[in-house]
Amino acid sequence: GDSVTQMEGPVTLSEEAFLTINCTYTATGYPSLFWYVQYPGEGLQLLLKATKADDKGSNKGFEATYRKETTSFHLEKGSVQVSDSAVYFCALSLNSGNTPLVFGKGTRLSVIA
Amino acid sequence: GAVVSQHPSRVICKSGTSVKIECRSLDFQATTMFWYRQFPKKSLMLMATSNEGSKATYEQGVEKDKFLINHASLTLSTLTVTSAHPEDSSFYICSGDPSGYEQFFGPGTRLTVL
């Protein structure tokens, strides 16, 4: 079945460090790919998305590129801040429109000053 | 963005009792909402699709008689955990999509069954 695998956490970085959270997927079709973020005590928020191969999603300094050849959608940020501390979820959806998501296990990021 | 609320945010109950969790779309109408369950250090797993005015669709392995879903209006879906047991303790999250392009999630409900 369809699945998402992302790197195990927790990840602890110093402020201004470079961040990479790996995400790979398995899907029968051509999925849309997402990164969601969950700040402490809050619900999931869409961070960025890409709907087709080679698309790059970006938001708040975070980027991820849809790589069909490696079935990957790695999340990167050049300089993390303490306020980026959260849990990050990679997810896919096989259809556009009102369809549920398949999530990875989540990666907890802690950024220390 | 659209807003989805859940109530309660946290509930503790005794084994054998039933608990109702509400999911509301505050600024959009949702003919479909999704219920997920999140175990500690695990991903969110889709439990069921809630359909306004019709029966919910449950994922394989989810007991429909235990997790009752009612989507009585375009802004409210409820999940009732019947005869709860400690293994039902988990974090339950709902979501809705106002436009067909993005899911918006509620803040979640943490259920603890003693």
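A brief report on the enclosed structure follows. (Residues numbered from 1 in each chain as written. Chains lettered and ligands numbered in written order. Predicted model: local features only at pLDDT ≥ 70, side-chain atom pairs only at ≥ 80, totals over all residues. Heavy atoms only, no water.)

### Some points on the layout of surface pockets
One number sums up the size of the largest pocket: a volume of about 840 Å³. Elements supplying a minimum of two residues to the lining of the largest pocket: strand 10 (86-93) and strand 12 (107-112) of chain A. The element contributing the most residues to the lining of the largest pocket is strand 12 of chain A, with 4 residues. Taken together, the residues that form the lining of the largest pocket break down as 12 nonpolar, 11 polar and 8 charged. Here the second largest pocket defines a volume of roughly 480 Å³. Surrounding the second largest pocket, 22 residues form its lining, Leu44, Met45, Leu46, Met47 and Glu59 of chain B being those nearest its centre. The set of elements that each furnish at least two residues to the lining of the second largest pocket consists of strand 10 and strand 11 (102-103) of chain A together with strand 5 (44-51) of chain B. (1 Å grid on protein atoms, 1.4 Å probe; cavity = no way out; pocket = protein on both sides within 12 Å on 5 of 7 lines; lining within 4 Å. Points joined across faces, edges and corners; volume = space filled by probe spheres on them. Helix = DSSP H or I, 4+ residues; strand = E, 2+ residues; numbered from the N terminus. Nonpolar A, V, L, I, M, F, W, Y, C, P; charged D, E, K, R; others polar.)

### What to know about the sheet that holds strand 9 (residues 75-77) of chain A
All names here are of chain A. With respect to topology, 4 strands assemble into an open sheet ordered 3-9-8-7, the strand pairing being antiparallel. Every other strand in the sheet has two partners, leaving strand 3 (19-21) and strand 7 (56-59) as the edge strands with one partner each. The average angle at which neighbouring strand axes cross in this sheet is 15°, direction not considered. Relative to strand 8 (residues 62-65), strand 7 runs antiparallel, the two being bridged by 4 bridges. When the sheet's bridge partners are listed, Lys56 is paired in strand 8 with Thr65. (Pairing = 2+ DSSP bridges. Axes fitted to C-alpha atoms, helices over the stretch in contact; angles between N-to-C directions.)

### Points about the pairing of strand 4 (residues 23-26) of chain A
Residues and elements named next belong to chain A. Where burial is concerned, the two faces of strand 4 differ: the one with Cys23 and Tyr25 is buried and the one with Thr24 and Thr26 is not. With 4 bridges joining them, strand 1 (residues 3-6) and strand 4 adopt antiparallel strand pairing. Residue pairing in the sheet places Val4 in a bridge with Tyr25 of strand 4. (Buried < 20%, exposed > 50% of the residue type's maximum accessible area, 1.4 Å probe, protein only.)

### Section: the pattern of salt bridges
Summed over all chains, the structure comprises 5 salt bridges over all chains. Asp55 of chain A is the salt-bridge partner of Lys52 of chain A, the closest N and O atoms lying 3.3 Å from each other. Residue Arg24 of chain B pairs with Glu22 of chain B through a salt bridge whose shortest N-O separation is 3.5 Å. (Salt bridge = Lys/Arg side-chain N within 4 Å of Asp/Glu carboxyl O.)

These values are about where atoms sit, not about what they do.
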